[in-house]
Amino acid sequence: GTGCLSSNCSTCSPCKAGHFKSGSGTEGCTACSVGTYNSETGSVSSGLCLACPAGSTTQAKGATNASACECAGSTYLSSSAEGEVKCTPCPSGAICGDFSCA
């Protein structure tokens with residue numbers, strides 16, 4: 001999708017990562033919702049905003065990659081050898097808070 005990236009727009013530009021625009025016209029692009037992300041430019045649908053792994057979310061709209069997804073509570077975002085990304089409970093004795101585990 002393309003949209004106006006300035007207030008006095010005469011030409012449209014591809015939507016930046018984390019945004020999409022499904023129609024035509026001089027309106028701006030729309031940010032992907034909280035809890036989703038999109039690393040591609042020029043996206044034409046909100047369906048191209050990918051959901052964060054279960055149990056995680058983003059802190060703001062317009063996230064551009066999965067690393068913006070943060071787990072809640074005493075869990076942290078991890079990926080398995082198979083590439084599955086999920087929120088995993090912090091190991092016993094670890095200090096967890098603010099969506100991270102140390």
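Preceding block: the structure.
Residues numbered from 1 in each chain as written. Predicted model: local features only at pLDDT ≥ 70, side-chain atom pairs only at ≥ 80, totals over all residues. Heavy atoms only, no water.

**With respect to the pairing of strand β9 (residues 75-79)**
Phase 1: Alignment of β9 against strand β10 (residues 85-89), held across five bridges, turns out to be antiparallel. In the strand pairing of β10, Y76 is matched with T88. (Pairing = 2+ DSSP bridges. Helix = DSSP H or I, 4+ residues; strand = E, 2+ residues; numbered from the N terminus.)

**Some details on the state of the cysteines**
Phase 1: Inspection of every chain in the model, using the stated rule, returns four disulfides.
Phase 2: With its sulfur 2.0 Å from that of its partner, C32 forms a disulfide with C49. Here the S-S torsion is close to -70 degrees, and the disulfide linking C32 with C49 is therefore left-handed. Here the residue C32 occupies a position in the loop between β4 (30-31) and β5 (36-37), and C49 occupies one in the loop between β5 and β6 (50-51), the gap between them amounting to 17 residues. Note on accessibility: C32 and C49 belong to one class, buried. (Disulfide = S-S within 2.5 Å. Buried < 20%, exposed > 50% of the residue type's maximum accessible area, 1.4 Å probe, protein only.)

**Describing the side chain of T58**
Phase 1: Counting through the fold element by element, T58 comes out in the loop between β7 (56-57) and β8 (70-71).
Phase 2: In this structure the side chain of T58 is engaged in a polar contact, spanning 2.8 Å, whose partner is the backbone nitrogen of G35.
Phase 3: A distance of 3.0 Å separates the side chain of T58 from the backbone oxygen of A60, its partner in a polar contact.
Phase 4: Each residue touching T58, except ones within four places of it in the same chain, is listed here: S33, V34, G35, T36, C52, A63, A68 and C69. (Polar contact = N/O pair within 3.5 Å; in protein donor to acceptor, adjacent residues only side chain to side chain. Contact = heavy atoms within 4.5 Å.)

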